Amino acid sequence: MTYRPTKPTKREIAQHFELLDVLTDRKSVADCRYLTKPPPKPRQQTESAEQAALFQWAAWNKSKYPELSLLHAIPNGGYRPITTAARLKAEGVRAGVPDICLPVARQGYNGLYIELKAPKGRVQANQREWLQDLSEQGYKAVVAYGFEEARTVIEDYLREGVNI
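Once a new chain begins, its residue numbering starts again from 1 and follows that chain's sequence as written. Two thresholds apply to this predicted model, a pLDDT of at least 70 for residue-level local features and 80 or more for giving and counting side-chain atom pairs, whereas whole-chain, interface and lining totals are computed over all residues. Heavy atoms from the whole structure form the basis of all side-chain values; hydrogens and water molecules are not counted.

Turning next to the nonpolar core. Core analysis: the biggest nonpolar cluster contains 20 residues, and L68, L102, L112, I114, I154 and L158 have the highest contact counts within it. Runs of H or I in DSSP of at least four residues are treated as helices and runs of E of at least two as strands, each being numbered from the N terminus. The leading source of residues in this core is helix α5 (residues 147-159), at six residues. Residue contacts are counted whenever heavy atoms from the two residues lie within 4.5 Å of one another. Beyond its immediate chain neighbours, meaning those up to four positions away, L68 contacts W57, A58, N61, K62, I154 and L158. The criterion is simple. A nonpolar core is a set of buried Ala, Val, Leu, Ile, Met, Phe, Trp, Tyr and Cys residues joined through side-chain atoms within 4.5 Å. Three labels apply to residues, based on accessible area from a 1.4 Å probe with only protein chains included: buried if under 20% of the type maximum, exposed if over 50%, partly exposed otherwise in between. C101, Y113, L131 and L134 belong to the second-largest nonpolar core, a separate cluster that totals five residues.

Next comes the structure, spelled out in structure tokens:
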């Protein structure tokens with residue numbers, strides 16, 4: 001196995017050169033732009049990463065819950081070029097549709113829809129409307145904040161027997 005160092009960020013390079021300037025008396029620390037600033041906050045887990053973790057969990061647990069083979073994502077969000085967005089809209093893509101669907105009847109529901117949010121995410125108005133409309137049509141439609149909450153919702157939903 002060969003060692004491959006990671007490429008330094010622009011900030012790290014700038015800090016290195018500022019440190020060299022301070023050590024060679026070309027600059028004082030007070031004049032440094034990067035050495036005096038605190039490091040940036042670590043990035044929070046994104047919805048995409050949370051959803052990927054959920055589907056990885058689902059793949060590992062298909063033997064325990066065979067119904068997980070029907071679990072699927074509804075890829076409505078994300079950046080797309082305007083031409084692709086226009087084409088998808090013409091094909092019927094609708095804003096606010098929940099992210100995840102499990103078309104398995106349980107607990108008197110026709111299926112399960114989950115709007116997955118990052119732990120500090122916010123639900124938009126059109127997403128709330130979809131969840132309400134789906135609930136009125138006999139689906140369990142919920143918001144889950146993060147992988148752990150979504151996993152718990154799915155496990156609780158599947159643990160109950162079919163009782164339609």
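More follows now that the structure is in view.
On to unusual backbone geometry. Even without being glycine, D25 reaches a positive phi, approximately 60°. By the element assignment, D25 lies in the loop between α1 (10-23) and α2 (47-60). Phi at Q107 is positive, roughly 55°, even though this residue is not glycine. Turning to its location among the elements, Q107 is positioned in the loop between β2 (100-102) and β3 (112-117).

What follows covers the packing of α2 against α5. Lines fitted to C-alpha atoms define the axes here, with helix axes fitted over just the stretch in contact, and angles between the N-to-C directions of these axes take values from 0 to 180 degrees. Interhelical geometry of α2 versus α5 gives an angle of 40° and a closest axis separation of 9 Å. As judged from the angle between their axes, α2 and α5 are oblique. For the crossing formed where α2 meets α5, the hand is right-handed. Residue-level contacts link E50, A53, L54 and W57 of α2 to F147, A150, R151, I154 and E155 of α5. Roughly parallel refers to an angle under 35 degrees, roughly antiparallel to one over 145, roughly perpendicular to one between 65 and 115, and oblique to any angle outside these ranges. Note on convention: near helix rotated counterclockwise from far helix by under a right angle means a left-handed crossing. Clockwise means right-handed.

With six bridges connecting them, β3 and strand β4 (residues 140-145) associate as parallel partners. Across the sheet, residue L112 finds its bridge partner in β4, namely K140. By the criterion used throughout, a crossover qualifies as right-handed when its path from the first strand across the helix to the second strand runs clockwise, the strands pointing away from the viewer. In terms of handedness, the path from β3 via helix α4 (residues 125-136) over to β4 forms a crossover that is right-handed. DSSP calls a pair of strands paired once it identifies at least 2 bridges connecting them.

Right, let's get into the pattern of salt bridges. Any carboxyl oxygen of Asp or Glu within 4 Å of a side-chain nitrogen of Lys or Arg constitutes a salt bridge here. Applying the stated criterion across every chain, the model contains nine salt bridges. One salt bridge connects K117 with E47, and the closest N-O pair in it is separated by 3.7 Å. Placement of the pair is K117 in strand β3 and E47 in helix α2, with a sequence separation of 70 residues. You can call K117 buried: its relative accessible area is 5%. With its nearest N and O atoms 2.2 Å apart, the salt bridge here joins E67 to R106. Here E67, found in the loop between α2 and β1 (72-73), pairs with R106, found in the loop between β2 and β3; they are 39 residues apart in sequence, far enough to count as distant. Residue classification places R106 among the buried positions, given a relative accessible area of 8%. Because the salt bridges share partners, they merge into one network encompassing E148, R151, E155, D156 and R159.

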